[in-house]
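Tertiary structure, described
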Amino acid sequence: MEGAELHEACGVAAVADLEEGAPQLAVQALISLQHRGQESAGVASVDGEGLQLERGMGLVSEVFPSGRPDSRAGTMAVGHVRYSTSGSPSLENAQPFTFRSRFGTFALAHNGNLVNALDLRRRLEGEGAIFQTTTDTEVVAHLIAHSRRDTLVEALQEALMQVRGGYAMVLLSRTGLLAVRDPLELRPLVFGQREGRAAAVSESCALTALDLPLLGDVAGGELVSIDPAARIKRHPGFLPAGPRSMCSFEYIYFARPDSVISGRTVQMVRRRLGEELAREAPVDADIVVGVPDSSLPAAEGFARTLNLPLEQGLAKNRYVGRTFIQPSQGERELTLRLKLVPIAEVVVGKRVALVDDSLVRGTTASHLVRLLRQAGASEVHLRIASPPYRHPCHYGIDTSNREELVAAGRDEATIARWVGADSLAFLSADGVGRAIGESGCMACFTGRYPLSVVGAGAKRSAEVGP
Ligand code: AMP
Ligand code: SF4
């Protein structure tokens with residue numbers, strides 16, 4: 001699609017299992033990370049023969065209907081789920097990728113976005129590299145292949161010293177697994193281990209699925225290596241770390257509520273976001289209604305702080321797909337109509353405080369305000385548990401073009417009129433910081449990017465490709 005952006009907010013997993021169940025465990029990890037990407041899924045694993053790769057389009061359960069890859073046995077595997085708004089979903093961009101190099105065959109998968117990928121790609125093409133895909137992952141693979149260093153680990157280090165961006169990256173070779181987190185900790189990556197089994201995954205909910213205790217977060221610029229005996233070794237300072245800038249949107253919307261990031265359970269952060277919102281923007285309402293599912297903890301915190309009843313005023317059809325990435329506004333609205341429906345008897349004659357976690361294009365909010373009124377609500381007050389989303393993300397979270405961001409260039413009164421709410425208030429960036437307990441990246445809200453993004457816009461349009 002012309003003008004499409006290639007934003008990827010994916011999920012990665014690297015698993016070692018002495019009982020040779022790594023490919024199946026990787027599928028289990030991906031099922032737990034499904035919310036991070038529904039476009040494609042893949043697993044690469046090593047067995048006695050070499051490196052096996054299975055990838056496909058769709059949900060993990062569609063790509064691996066039996067719950068496991070065909071290559072059933074193997075002590076090590078990496079997996080990936082992909083989420084992208086790029087125009088045409090295509091198998092060629094589905095990860096992991098495998099590459100042959102003088103270090104042997106290896107598989108690579110990553111979550112995130114490299115802001116200088118286009119510059120690196122041009123340089124590599126100038127040196128004769130031929131690219132098969134439009135992904136940043138392949139840029140890293142070429143940098144590894146071009147390195148003159150002696151080992152794969154050193155080549156990876158040299159490659160990553162040249163890239164800038166937010167990423168969680170996993171690499172599989174016959175000798176072991178490597179997992180690296182970007183120097184600013186923009187994208188999440190955690191690890192866990194017990195006797196005979198170890199993993200590094202995007203979110204701790206995938207460790208729970210593998211019956212592994214969470215040992216900690218991979219630090220910024222740190223490498224975690226896992227050997228074939230499932231032993232973990234940490235290599236802090238593998239890349240020079242920058243100021244910690246964990247993505248606040250992971251807490252606000254993206255991560256699963258049971259995941260623990262930097263020692264904080266996402267569900268509890270969301271509840272505190274609602275509490276902060278109630279303190280900053282209280283409202284005289286009869287009931288509080290949260291937008292299912294991601295906003296329910298914030299609605300709970302909001303209602304409890306204001307001593308208002310929390311009501312389930314919206315029913316959600318779980319079997320309707322995602323509205324967010326549909327290409328046209330008409331399609332997004334139609335899908336929303338099927339997906340979220342007010343329960344008239346709950347809201348009729350009531351002053352409703354409607355709590356959502358974020359406002360991006362404003363499609364969800366304006367649709368729900370209209371439907372709640374049609375269902376008989378006497379007033380609808382919209383409360384958003386994050387600041388206005390005004391700036392595109394360059395570090396790997398799928399948002400949309402700047403022109404589509406309803407809050408870009410508009411003040412709150414104008415947005416309130418646009419969505420048709422009686423009142424509208426957002427949580428401040430300081431409030432988000434208080435709820436999380438530290439101020440990580442909030443660039444999409446504040447426009448203050450922790451990493452220079454010069455050239456990132458150019459990259460997107462060039463990436464659309466022929
Ligand atoms: P919008 O309807 O465009 O204003 O998007 C905001 C709604 O979509 C909220 O209800 C969020 O829970 C949800 N949302 C926010 N960010 C994303 C995302 N990156 N992918 C899918 N849904 C999202
Ligand atoms: Fe997360 Fe927003 Fe920063 Fe992107 S710009 S990494 S979505 S906080």
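Keep in mind that this is a model prediction, so the values were computed, not measured.

Procedures and definitions
Residues numbered from 1 in each chain as written. Chains lettered and ligands numbered in written order. Predicted model: local features only at pLDDT ≥ 70, side-chain atom pairs only at ≥ 80, totals over all residues. Heavy atoms only, no water. Helix = DSSP H or I, 4+ residues; strand = E, 2+ residues; numbered from the N terminus. Rg over C-alpha atoms; globule rule 2.2 N^0.38 Å. Buried < 20%, exposed > 50% of the residue type's maximum accessible area, 1.4 Å probe, protein only. Contact = heavy atoms within 4.5 Å. Areas by Shrake-Rupley, 256 points an atom, 1.4 Å probe, with all protein chains shown as cover. Lys, Arg positive; Asp, Glu negative; His and termini not counted. Charge placed at Lys NZ, Arg CZ, Asp CG, Glu CD. Near = heavy atom within 4 Å. Nonpolar A, V, L, I, M, F, W, Y, C, P; charged D, E, K, R; others polar. Polar contact = N/O pair within 3.5 Å; in protein donor to acceptor, adjacent residues only side chain to side chain. Domains from an automatic or database assignment. Salt bridge = Lys/Arg side-chain N within 4 Å of Asp/Glu carboxyl O. Pairing = 2+ DSSP bridges. Axes fitted to C-alpha atoms, helices over the stretch in contact; angles between N-to-C directions. Parallel < 35°, antiparallel > 145°, perpendicular 65-115°, else oblique. Left-handed = near helix turned anticlockwise from the far one by under 90°.

A few words now on the overall build of the protein. The secondary structure content of the protein amounts to 16 helices and 21 strands. For the protein, whose C-alpha radius of gyration is 22 Å, the value lies close to the compact-globule estimate of 23 Å for 466 residues. For the C-alpha atoms alone, the extent of the protein along its principal axes is close to 70 × 45 × 40 Å. Across the 466 residues in the protein, those meeting the buried criterion constitute 59%. Restricting to contacts in the protein with at least 6 residues of sequence separation, those with at least 24 account for 70%. In the structure as shown, the protein presents an accessible area of about 17900 Å², 50% of it carried by carbon and sulfur atoms. If you average the places of the 49 positive and of the 54 negative side-chain charges in the protein, the two averages end up 2 Å apart.

Close to ligand 2 lie R187, C247, S248, F249, Y389, C393, Y395, I397, C441, A443 and C444. Broken down by secondary-structure element, the contributors of at least two residues to the shell around ligand 2 are α7 (248-254) and α15 (443-446). Class assignment for the residues of the shell around ligand 2 results in nine nonpolar, one polar and one charged.

Quick look at the site of ligand 1 now. In the vicinity of ligand 1 lie 15 residues, with Y83, D356, R361, G362 and T364 positioned nearest. T363 is positioned with one of its backbone polar atoms (N or O) 3.5 Å from an oxygen atom of ligand 1. Within the side chain of T364, one N or O atom sits 2.5 Å away from an oxygen atom of ligand 1. Protein chains bury 93% of the 500 Å² of accessible surface belonging to ligand 1 in isolation. The set of elements that each furnish at least two residues to the shell around ligand 1 consists of α7 and α12 (363-374).

Domain boundaries in the protein define domain 1 (10-245) and domain 2 (265-449). Its C-alpha centre places domain 1 at a distance of 33 Å from the equivalent point of domain 2. Facing twelve residues of domain 1, the contacting portion of domain 2 comprises twelve residues. Remark: the boundary between domain 1 and domain 2 carries one salt bridge. Here E438 makes a salt bridge to R244, at a shortest N to O gap of 3.5 Å. Run the count over domain 1 and domain 2 and you get four residue pairs in polar contact (both at pLDDT 80 or more).

What follows concerns the pairing of strand β4 (residues 76-82). With seven of its seven residues buried, β4 lies for the most part within the structure. Going residue by residue along β4, you find M76, V78, H80 and R82 tucked away on one face and A77, G79 and V81 tucked away on the opposite face as well. Examined bridge by bridge, strand β1 (residues 11-17) and β4 share six bridges and lie antiparallel to one another. In the sheet register, V15 faces β4, and the bridge partner there is A77. Here strand β2 (residues 40-46) runs beside β4; their pairing, made up of seven bridges, is antiparallel. Each residue of the ladder has a partner; that of V43, found in β4, is G79.

Take helix α4 (residues 136-146) next. With respect to burial, α4 is a largely interior element, nine of its eleven residues being buried. Every buried residue of α4 is accounted for by D136, T137, E138, V139, V140, A141, H142, L143 and I144.

Turning our eyes to something else, we now look at the packing of helix α10 (residues 329-339) against α12. One can describe the packing of α10 onto α12 by two numbers: an axis separation of 10 Å at closest approach and a directional angle of 50°. On the basis of the axis angle, α10 is oblique to α12. The chirality of how α10 crosses α12 is right-handed. Along the contact surface, α10 presents Q329, R332, E333, L336 and R337, while α12 presents T363, T364 and H367. In terms of residue class, the contact of α10 with α12 is made up of one nonpolar, four polar and three charged.

Sheet strands associate in pairs through backbone hydrogen bonding, adopting either a parallel or an antiparallel arrangement. Spatial strand order, β3-β2-β4-β1-β10-β9-β11: seven strands in an open sheet with antiparallel pairing. Edge positions in the sheet fall to β3 (51-57) and β11 (214-217), since each of these pairs with one other strand and no more. Pairs of neighbouring strands in the sheet enclose a mean axial angle of 15°, with direction left out of account.

Moving on to the pattern of salt bridges. What the rule picks out here adds up to 27 salt bridges. Where E276 meets R279, a salt bridge forms, and the shortest distance between an N and an O atom there is 3.6 Å. Of the two residues, E276 and R279 both sit in helix α8 (residues 266-280), three residues apart, roughly one turn of that helix. A cluster of three or more residues bridged by salt bridges with shared partners is formed by R181, E185, R244, R264 and E438.

With that out of the way, let us pick up the sheet that holds strand β21 (residues 423-426). Read from one edge to the other, the open sheet built from four strands follows the order β16-β19-β20-β21, with strand pairing classed as parallel. Single-partner strands in this sheet number two, and they are β16 (287-290) and β21. Each adjacent strand pair in this sheet contributes to an overall mean axis angle of 20°, direction not counted.

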